[in-house]
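Residue-level structural notes
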Amino acid sequence: MLLSVVIPFYKYKNYLKECLNSLLNSSFHDFETILVLDHNEEKIEDLLEEYKELKIRVIENRNHGVASSRNLGIKYSNGDYVYFLDSDDYVLEDTLSILSQALSNEDIVYGQVNNTWNNMANFLEKQNKKMENLDEEEQEMKEMESMQKIQDFLDSYPMKDTKLLAYYHMFKKKKGSNNITVLSHAYRRQFLLEQEIRFDETMKYYSDFPFVIECLDKASSFKPCLEAIYVKRRHNDPINYPALRQEEDENRFYERMKSYERAHEKTDNPVLSVLIDRKIINYYFRHFIRRLRRSEKPEWKNEYFHYFSKIMKQIPDKTVKEYSYEKQQMIKSIQEDNLDATLKKVRLFLGKKKLKQMTKNKNTMYKLMYYHVYLKKPVLKNVVLFETFNAKNYSDSPKYIYEYLESHYPGQFECVWALNNGSKPKYGGKVVKRFSFEYAYYLARAKYLVFNVRPPLWYRKREDQIFLETWHGTPLKRLVFDQEEVTAASPKYKQQFYKQRKDWDYLISANDFSTETLARCFMYEGEMLAVGYPRNDILYAENKEELALEIKKKLNIPLDKKTILYAPTWRDDEYYGKGQYKFELQLDCKMLKENIGDEYVLLLRTHQYISDRLDTTGLEGFAYNVSQYDDISELYLISDICITDYSSVFFDYANLRRPILFYTYDIEKYKNQLRGFYIDMMSEVPGPLLYTNEEVLEAIKNIDQIEEEYKERYDQFYNRFCHLDDGNASKRCVERVFFNKKDE
């Protein structure tokens, strides 16, 4: 047998399943699978049965930790080579096949790690898209830069030793000690046994570091195999499912120091010794000085500082002199165990970096004012800051709460709107630009904050502030901690959300379903306001027919034609950047115009997060792009039919009891690969699921028949999701939040 794959398992069965599945689908089969159980509490008998083709050998670890589990794997493996695979990671279909072809008799054959936040399906899709959009010239430049870095490293040493290339790939190019890893490499088992190389079982987090150094020191032969890709899967939910590197532990600092000490003990090779010292120095400048300067924990200025000083003292002057004069002085201060001198130099060093950032990025200035000036001023008692969709428009529940406040309590509150699109709030509310000095001022000093999305990450809630989170829809798509995968632009979404949701004093719920769902998926522990959605008050207005007529005239929509609203959502995995999503219109507007243009007009309304502009050339008089129209609730009023997909718009639109069609051309991908749904779209939504443009057209032509067919389901849906809306949600919300009135 050529290869032994060793998998330590402690917890997270769902990750293990993906890991085993990758082995089952491997194009290479001449390997054994050793699963080392490390006091796991989850039952995995069903997984062992499901993957019995792998003939998994199960070993119980009587000790504890990944180090001892890997050591057991080395001890009991039968293969010529040992390959370590963490239970939350996976290999690609051809990884082991490519690696096996490189195995001959070298002590170490090293592959390459690719990092991801996703399961294999989403990882591969992103890789394919990356290849489709690949700029060949740009890629060639990157490859040349990479080759130059390697050559520069090799040229920096007089000896021409083949080990140097292994030193570079397995150690030098890895950023930080966290990324020094045994993963992606195949180790000749006899080499490990003869050299008595084992993982340090006293270490929980950093046992890879000294192990890799010892292997590099003692191995006599290496072979690169960088095409053998190992996929390191990061955990996007460090709250409920933290990876080992995401665990918070007071001993982590000491173990990191211990890993440096152990690594030095494992080698007297001058090249490796210098590389270790550089990792220590890089940790000092990238991490330690920031903790020293900013952490409120006294340990950083006491025992941690003095311990790290001892480590730094061991670095020879020759290595220190590789750095700039300023950095040399900072290193010297900590080597001398001089806290005051070190802090003084650190403040100056970080201050200069901050000043450099400020000259490059104007956004730094208002943040500095926010932290160092505005937060020190008292909270302004009756000031309210409103924001919807990151200040993109004047709309949603904050708009209706604001208008209720101004119309029923005129002059009692100073209302400020964050708006970037030039909109002017009714009643003359003050407008500030998001991410401006004024915005930072009111974010720091407003007593009340009314947002329908999360505030900026740099916002710090003050004790005297009251934060009302209205949210922006009854959820169909799984949200935050109910999502297994985060395929959107911000992989740290869950971590950030968990921190920010603690700032919310109130969270609005539109129905009982939302009350239960939002509390769970947000892990929300504050007060839930089950009052209905303020943004839906307009749908119950006594003069809604007159309002609809005014809106149609404002948009220049023919009064003698019926109106269809098409309002699709964004796709999590198609984006340009954070909060900027791609969208390609799949609805055949030209076909619709040709067939129903005499009777209908079409309103196109994309989600707030979609950056692409829709092209309506050739559709004049039929299709109207209203994506920039502030308030979608007003568009509901003028629409006779709503077509959507997985957007939450249909929950709101259902208040009007008008027909809804669901154009779900990519439902299988959205349901299974991206988000997943809270309700069964096949049996619970108040309208048909349509998969082609032809089906959409036929449904519109037969809309009366569809209304009749779905009447009973529509009634059930309305009673379940619209039961709290009655036109008075804003009133109930204002009375509770601003006047502390509770329902009797």
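Refer to the structure printed above.
I will try to describe carefully the structure that is included in this document. (Residues numbered from 1 in each chain as written. Predicted model: local features only at pLDDT ≥ 70, side-chain atom pairs only at ≥ 80, totals over all residues. Heavy atoms only, no water.)

Neither face of strand S13 (residues 466-469) is open: one carries Ile466 and Leu468, the other Phe467 and Glu469, and all of them are buried. Judged from the four bridges that link them, strand S12 (residues 446-451) and S13 form a sheet pairing that is parallel. When the sheet's bridge partners are listed, Phe451 is paired in S13 with Glu469. When S13 meets strand S14 (residues 506-509), the two strands line up parallel, connected through two bridges. Within the sheet, the bridge partner assigned to Leu468 lies in S14 and is Tyr506. (Buried < 20%, exposed > 50% of the residue type's maximum accessible area, 1.4 Å probe, protein only. Helix = DSSP H or I, 4+ residues; strand = E, 2+ residues; numbered from the N terminus. Pairing = 2+ DSSP bridges.)

Before going further, it helps to examine the sheet that holds strand S15 (residues 527-530). The sheet built from seven strands is open, its strands ordered S11-S10-S9-S12-S13-S14-S15 with parallel pairing. Two strands lie at the open edges of the sheet, namely strand S11 (430-432) and S15, each paired on one side alone. Here the strands of the sheet are splayed against their neighbours by 25 degrees on average, with no regard to which way each runs. Judged from the five bridges that link them, strand S9 (residues 380-387) and S12 form a sheet pairing that is parallel. When the bridges of S12 are listed, Phe386 appears paired with Val450. Together, S12, S13, S14 and S15 form the strand contacts of helix H29 (residues 729-737), whose direction differs from that of S15 by roughly 150 degrees. (Axes fitted to C-alpha atoms, helices over the stretch in contact; angles between N-to-C directions. Contact = heavy atoms within 4.5 Å.)

For H29, the tally of buried residues reaches seven of nine residues, placing the bulk of the element in the interior. Looking at the packing, one finds that the buried side of H29 touches helix H17 (396-408), S12, S13, S14 and S15.

Right, let's talk about the sheet that holds strand S8 (residues 222-233) for a bit. The mixed open sheet is built from eight strands, whose spatial order is S3-S2-S1-S4-S7-S6-S8-S5. Strand pairing shows two members of the sheet lacking a second neighbour, strand S3 (57-60) and strand S5 (90-91), which therefore form its edges. Pairing of strand S1 (residues 3-9) with strand S2 (residues 31-37) involves seven bridges; the strand directions are parallel. Residue Ser4 lies in a different strand from S2, and its bridge partner there is Glu32.

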